[in-house]
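The residues making up each chain are set out below.
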Amino acid sequence: MPTATLRRPRRRRRKRAPLLRLAAPILALVLLAGAFWIALARFSAQREDDPTKQARIVAIDAGHGGSDTGAIGVNGVRECDLTQATAQALWDLLEADPDITPVMCRSDWDEDLPAADRAKRVARSDATLSLSIHMNSDGGTGQASGFECFPAPPGNQYNKNSLRFADFIATEMSAAGASLRGDGGVRYAYYDENNQRIIRERSDTNPEGYPSFAMVNSTGCASVLAEQCFITNEADLEAFASPEGCQLAARCYYRAIRQYYGLSPEPEQSAF
Ligand SMILES: [Zn+2]
């Protein structure tokens, strides 16, 4: 006996408009692409923030030059000559190091170029780190001494990495015999509306609302301004601003730069 297969009559599908049929897959694709884009942006931002993954290009700034001599110290020494001697010594160390590329903020020592313009130069370069070198002065009393440096302050997007660099510098200077001023030699400087300098210790993480030095404010990379020693103090001058002293400070900056990028303080000695 033949069996009759019973089939349900096919229900006629209602036809959807082609655009409507595509809406769901398109939406899914857009969402997926969005999620991918966000993940990629987050990844590259992390990478950008991580000094050990950055291009190792360092801007060196001699804090004074041209007609700007800076402070005058014991026996008439000029700040500009000492910042230039240190900047040159640091340049020589970095140029001999295949791991790091230095760039100089001044094209020659006699160039009259205000800090704001030098900062712009750094921002236009590919530098991922910047160091502005200065000598301190207490106006001639000879009492003040020691090392201090100023990273980009809280509120600046490069604060965290600038602080990292500043801590390496302070540690190296201390190991070389410098006394550290304030809270471990790392402080924040601001200028109020009357151009008066306000100093805050590193523990003060509240953004002050005033600008800091141009050379840490607007360089577009992690930046520190170092006050190497007091050239108004004889012992300080001898230790960190004599010809040997400038070499010693440059070596401290050099070792700090290498550590900032996650390298050993000194390059491995070649076996040959
Ligand atoms: Zn200076």
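What you are looking at is a predicted structure, and each value in this text was computed from that prediction instead of being measured. (Residues numbered from 1 in each chain as written. Predicted model: local features only at pLDDT ≥ 70, side-chain atom pairs only at ≥ 80, totals over all residues. Heavy atoms only, no water.)

Engineer: It is not clear to me how the overall build of the protein should be interpreted in this structure. Could you clarify?
Structural biologist: In terms of helices and strands, the protein carries seven helices and seven strands. Listed N to C, the secondary structure of the protein is α-β-α-β-α-β-β-α-β-β-α-β-α-α in terms of helices and strands. Long-range pairs, those at least 24 residues apart, make up 70% of the contacts in the protein between residues at least 6 apart in sequence. Surface summary for the protein: the accessible area is close to 15700 Å², and the carbon and sulfur share equals 53%. (Helix = DSSP H or I, 4+ residues; strand = E, 2+ residues; numbered from the N terminus. Contact = heavy atoms within 4.5 Å. Areas by Shrake-Rupley, 256 points an atom, 1.4 Å probe, with all protein chains shown as cover.)

Engineer: Would you mind going over the coordination of the zinc ion with me for this structure?
Structural biologist: Of the protein atoms, only His-64 (NE2), Glu-79 (OE) and His-134 (ND1) coordinate the zinc ion, at distances of 2.0 to 2.1 Å. Counting along the primary sequence, the residues that act as donors to the zinc ion give the motif H-x14-E-x54-H. Remark: Glu-79 occurs in helix α2 (residues 79-95) and His-64 occurs in the loop between β1 (57-62) and α2; sequence separation between them is 15 residues. Looking at Glu-79, the relative accessible area reads 4%, which means it is buried. (Donors = N, O, S within 2.8 Å, 3.2 Å for Na, K, Ca; no water. Buried < 20%, exposed > 50% of the residue type's maximum accessible area, 1.4 Å probe, protein only.)

Engineer: So what exactly am I meant to see when it comes to a negative patch on the surface here?
Structural biologist: A cluster of acidic residues, Asp-68, Asp-108, Asp-110 and Asp-112, forms a negative patch on the protein surface. Within the secondary structure, Asp-68 is located in the loop between β1 and α2. (Patch = residues over 30% accessible without salt bridge, like charges linked within 9 Å, V, L, I, M, F, W, Y side chains within 5 Å. Salt bridge = Lys/Arg side-chain N within 4 Å of Asp/Glu carboxyl O. Lys, Arg positive; Asp, Glu negative; His and termini not counted. Charge placed at Lys NZ, Arg CZ, Asp CG, Glu CD.)

Engineer: Looking at this structure, I do not really get helix α4 (residues 159-175). What am I missing?
Structural biologist: Three or four residues apart is the spacing at which side chains of an α-helix point the same way, because the helix has 3.6 residues per turn. Between its terminal C-alpha atoms α4 stretches 24 Å, which fits the 24 Å expected from 17 residues at 1.5 Å a residue. Those residues of α4 not exposed but buried are Asn-159, Asn-161, Ser-162, Leu-163, Phe-165, Ala-166, Ile-169, Ala-170, Glu-172 and Met-173. Just downstream of α4, Gly-177 is the residue with a positive phi angle, here 110°. (Expected span 1.5 Å × (residues − 1).)

Engineer: Just checking my understanding: could you explain the layout of surface pockets for this structure?
Structural biologist: Over the atoms a probe the size of a water molecule is rolled, and this reveals where empty space is left. Here the second largest pocket defines a volume of roughly 160 Å³. Among the elements of the structure, α3 (115-124), β3 (129-136) and α5 (214-217) are those that each provide at least two residues to the lining of the second largest pocket. Within the lining of the second largest pocket, the residues separate by chemical class into seven nonpolar, five polar and four charged. (1 Å grid on protein atoms, 1.4 Å probe; cavity = no way out; pocket = protein on both sides within 12 Å on 5 of 7 lines; lining within 4 Å. Points joined across faces, edges and corners; volume = space filled by probe spheres on them. Nonpolar A, V, L, I, M, F, W, Y, C, P; charged D, E, K, R; others polar.)

Engineer: Hey, could you run me through the side chain of Asp-138 in this one?
Structural biologist: Tracing the sequence through the fold places Asp-138 in the loop between β3 and β4 (148-151). Notably, Asp-138 is buried but unbridged: the nearest opposite-charge side chain belongs to Arg-181, and the N-O separation is 7.7 Å. One polar contact links the side chain of Asp-138 to the main-chain amide nitrogen of Gly-142, over a distance of 3.1 Å. Apart from the residues within four sequence positions on either side, Asp-138 is in contact with Gln-143, Ala-144, Phe-230 and Thr-232. (Polar contact = N/O pair within 3.5 Å; in protein donor to acceptor, adjacent residues only side chain to side chain.)

Engineer: What's the story with the nonpolar core in this structure? I'm lost.
Structural biologist: The nonpolar side chains of a soluble globular protein tend to be buried, and buried together. With 47 residues, the main nonpolar core has Leu-90, Leu-131, Phe-147, Phe-165, Ile-169, Tyr-253 and Ile-257 as its most contacted residues. Residue contributions to this core peak at eight residues, all from helix α7 (residues 243-260). Setting aside residues no more than four positions away along its own chain, Ile-169 makes contact with Leu-131, Phe-147, Val-224, Tyr-253 and Ala-256. (Core = buried A, V, L, I, M, F, W, Y, C linked by side-chain atoms within 4.5 Å.)

Engineer: Honestly, the side chain of His-134 in this entry has me stumped. Any pointers?
Structural biologist: Among the secondary structure elements, His-134 is positioned in strand β3. Looking at His-134, its side chain comes within polar contact range of the side chain of Glu-79, at 3.4 Å. For His-134, the contacting residues outside a window of four places in its chain are Gly-63, His-64, Glu-79, Thr-83, Leu-225, Ala-226, Glu-227 and Gln-228.

Engineer: What is the right way to read α7 from this model?
Structural biologist: With 18 residues, α7 extends 26 Å from end C-alpha to end C-alpha; this agrees with the ideal 26 Å at 1.5 Å per step. Regarding α7, the residues found buried are Gly-245, Cys-246, Ala-249, Ala-250, Cys-252, Tyr-253, Tyr-254, Ala-256, Ile-257, Arg-258, Gln-259 and Tyr-260. Where α7 is buried, its residues touch β1, α2, β3, α4, β7 (222-230) and α6 (234-240). Within two residues after α7, Gly-262 carries a phi angle of roughly 85°, on the positive side.

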